[in-house]
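# Commentary on secondary and tertiary structure
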Amino acid sequence: MRGRLGILLSGRGSNFEAIADHIERGELDAQIAVVISNASQAPGLEKARQRGLEAIFIGSKGLSREEFDRRLVSTLKEEQVDLVCLAGFMRLLSSYFIKSFPHRILNIHPSLLPSFPGLNAQQQALEHGVKYTGCTVHFVDEGLDSGPIILQAVVPVLDNDTEQTLSARILAEEHEIYSRAIQLVLDNQTRVEGRRVLRVATTECT
Ligand code: GAR
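To keep things clear, this report deals only with the structure shown in the data block.

### Structural notes on the pairing of strand β8 (residues 190–193)
- Direction of pairing for β8 relative to strand β9 (residues 196–199): antiparallel, over a ladder of four bridges. Pairing of E193 across the sheet is with R196, part of β9.
- The turn joining β8 and β9, which pair antiparallel and follow one another in sequence, is formed by two residues; a positive phi near 65° is taken by G194.

Put into structure tokens, the structure is as follows:
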């Protein structure tokens, strides 16, 4: 059966759309079981509905982090999700959530981690003056953008870059590597050893 994805987002949802496009084009063997947002007005939620997908708002107002996460986890379990994909989901997850999906939560971040975690990663890269930045797909742990790294893509920083131009070039790479990382994990092609995510050696069938 095709792997069932639960997508969590807080904003425009371009990474979600890229994943959905890869699936539609047959380039990612998966299905989107549910899209959940903590922001009722997130454009990504509306885009999911337009594609005929289950799209749910779960509000966090008045709830502790763990209470909110319990609601998320129970919805994701009801939907029998195999993999949780954070796609611009701007909340830290509680240990309850992390333990509910061990090595089954992925995040995309717009820098070459561990450089520039947190908000405005592209602006942080510009201000620091690095010549190369990029994006990272990683397993989620309890820290901020700190879990074991699955895939990265490198993007050069140009002299005339603004936050907008740099972000756009990074985003194009995000849209490619996220689906590739999802496929690797769904196909059990990765093995986590400490901080390292190693590729499982494939044995050739004759
Ligand atoms: C993306 O650039 C993603 O890497 C970033 O938020 C943006 C969401 O865009 N995530 C983080 O910074 C996580 N720390 P999108 O809603 O268009 O996918």
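### What to know about the nonpolar core
- The biggest cluster of nonpolar side chains holds 38 residues, and the ones touching the most others in it are L5 and I182.
- In contact with I182, not counting residues within four places along its chain, are L5, I19, L28, L83, C85 and L106.
- Judged by nonpolar contacts, the second largest core, of 19 residues, contains I58, L76, V81 and L93.

### Observations regarding the site of the ligand
- The local shell around the ligand consists of R12, G13, S14, N15, G88, M90, I108, H109, P110, D145, L171 and E174.
- Note that a nitrogen atom of the ligand is positioned 3.3 Å from one of the side-chain N or O atoms of D145.
- Within the side chain of E174, one N or O atom sits 2.7 Å away from an oxygen atom of the ligand.
- Look at the ligand: alone it shows 440 Å² of surface, and the protein chains cover 89% of it.
- Contributing elements (two or more residues each) for the shell around the ligand: α1 (14–24), β5 (105–109) and α6 (163–186).

### A word on the packing of aromatic side chains
- Using the criterion set out here, one finds one aromatic pair in the structure.
- The side chain of R51 reaches across the aromatic face of F16, ending 6.0 Å from its centre.
- The ring of F101 has K77 lying over it, and the distance from NZ or CZ to the ring centre is 4.4 Å.

### Observations concerning the pattern of salt bridges
- In this structure the tally under the stated criterion is 10 salt bridges.
- One salt bridge connects K47 with E17, and the closest N-O pair in it is separated by 3.5 Å. Highlighted residues: K47 in helix α2 (residues 43–50) and E17 in helix α1, separated in sequence by 30 residues.
- Looking at K47, the relative accessible area reads 24%, which means it is partly exposed.
- Salt bridges linked by common partners bring E17, D21, E24, K47 and R51 together as one network.

Conventions adopted
Residues numbered from 1 in each chain as written. Predicted model: local features only at pLDDT ≥ 70, side-chain atom pairs only at ≥ 80, totals over all residues. Heavy atoms only, no water. Pairing = 2+ DSSP bridges. Helix = DSSP H or I, 4+ residues; strand = E, 2+ residues; numbered from the N terminus. Core = buried A, V, L, I, M, F, W, Y, C linked by side-chain atoms within 4.5 Å. Buried < 20%, exposed > 50% of the residue type's maximum accessible area, 1.4 Å probe, protein only. Contact = heavy atoms within 4.5 Å. Near = heavy atom within 4 Å. Polar contact = N/O pair within 3.5 Å; in protein donor to acceptor, adjacent residues only side chain to side chain. Areas by Shrake-Rupley, 256 points an atom, 1.4 Å probe, with all protein chains shown as cover. Phe/Tyr/Trp six-rings, centres within 6.5 Å; stacked < 30°, edge-to-face > 60°. Lys NZ or Arg CZ within 6 Å of the ring centre and 35° of its normal. Salt bridge = Lys/Arg side-chain N within 4 Å of Asp/Glu carboxyl O.

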